[in-house]
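Tertiary structure, described
What follows is each chain in one-letter form.
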Amino acid sequence: MPLDSKEGRLLVARRIKYARMCAKLTQADVAAALGITPQAISNYERGLNGIANSVIYKMAELFGVSADFLLGISDNEMPIPRDIKDLLGDGADALTSHETQAIIELHGIVNEFIRYIGTKYRAALPFASECMEAATLCFAHLCEICNGENLEKMQPGQFAGTALKEIDGLQDAYARFALQLQAAITRTKEASAIRDDEGKPLTDE
């Protein structure tokens, strides 16, 4: 696959993101180490820009992998972080390279969500927790439904009905979150209005 093609750039992009997550580095960490901007790293990981060989070799050294791995030439090194190995137990050894990469990316998404909410939107944490729990259960149940053995036993249309039921549960959680958020916004506006009223100077009529 030509590395200057769209498919080639996307393959390299996924490998870079995967290796960075395995190395427990943020985009900002990589940018600082390479002397480039975080936006450039973001563009690399989205496959928007081609990457010079010199940058590939620096990334490979930083991540502790080979340049061939980042370029998609070799699949022989798919390191799994210790915390993920602990979560998966013996199942980690049975993963294919494709499955391993998917797990790392999923793990990174969850960690990024936790960091984002925990540092920027702490007031939303109770609601975010409920939404994430609902989303996780919904996804887990859909995975069980999609299991090959179960899927084979289903009648046409049965999967759609079961899946929609799960998604309805997910929507309920997000609806409760939206209502709580709207109530919080209303309380904030009302409190602000009271402060404005109290702060107005009195005038003689």
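Residues numbered from 1 in each chain as written. Predicted model: local features only at pLDDT ≥ 70, side-chain atom pairs only at ≥ 80, totals over all residues. Heavy atoms only, no water.

Now for unusual backbone geometry. Of note, the phi angle at Lys24 is positive, near 60°, even though the residue is not glycine. Mapped onto the fold, Lys24 is located in the loop between helix H1 (6-22) and helix H2 (27-34). For Lys24, a relative accessible area of 47% puts it in the partly exposed group. (Helix = DSSP H or I, 4+ residues; strand = E, 2+ residues; numbered from the N terminus. Buried < 20%, exposed > 50% of the residue type's maximum accessible area, 1.4 Å probe, protein only.)

A word on the nonpolar core. Grouped together as the largest cluster of nonpolar side chains are 25 residues, with contacts concentrated most on Ile16, Met59, Phe63 and Leu70. The greatest single-element share of this core, amounting to 6 residues, is contributed by H1. Not counting chain neighbours up to four residues away, the residues in contact with Met59 comprise Ile16, Leu34, Ile41, Tyr44 and Leu70. (Core = buried A, V, L, I, M, F, W, Y, C linked by side-chain atoms within 4.5 Å. Contact = heavy atoms within 4.5 Å.)

What follows deals with the confidence of the model for the protein chain. Considering every residue of the protein chain, the mean pLDDT works out to 76; 76% of them sit at 70 or more. No element of the protein chain has a lower mean pLDDT than helix H9 (residues 148-153), which averages 59, and none a higher one than H2, which averages 94. (pLDDT = per-residue confidence, 0-100.)

Here we come to the pattern of salt bridges. Overall, the coordinates contain 1 salt bridge when judged by the stated rule. When the shortest N-O distance is used, the salt bridge between Glu45 and Arg20 registers 2.5 Å. Placement of the pair is Glu45 in helix H3 (residues 38-45) and Arg20 in helix H1, with a sequence separation of 25 residues. Assessed through its relative accessible area of 10%, Glu45 is described here as buried. (Salt bridge = Lys/Arg side-chain N within 4 Å of Asp/Glu carboxyl O.)

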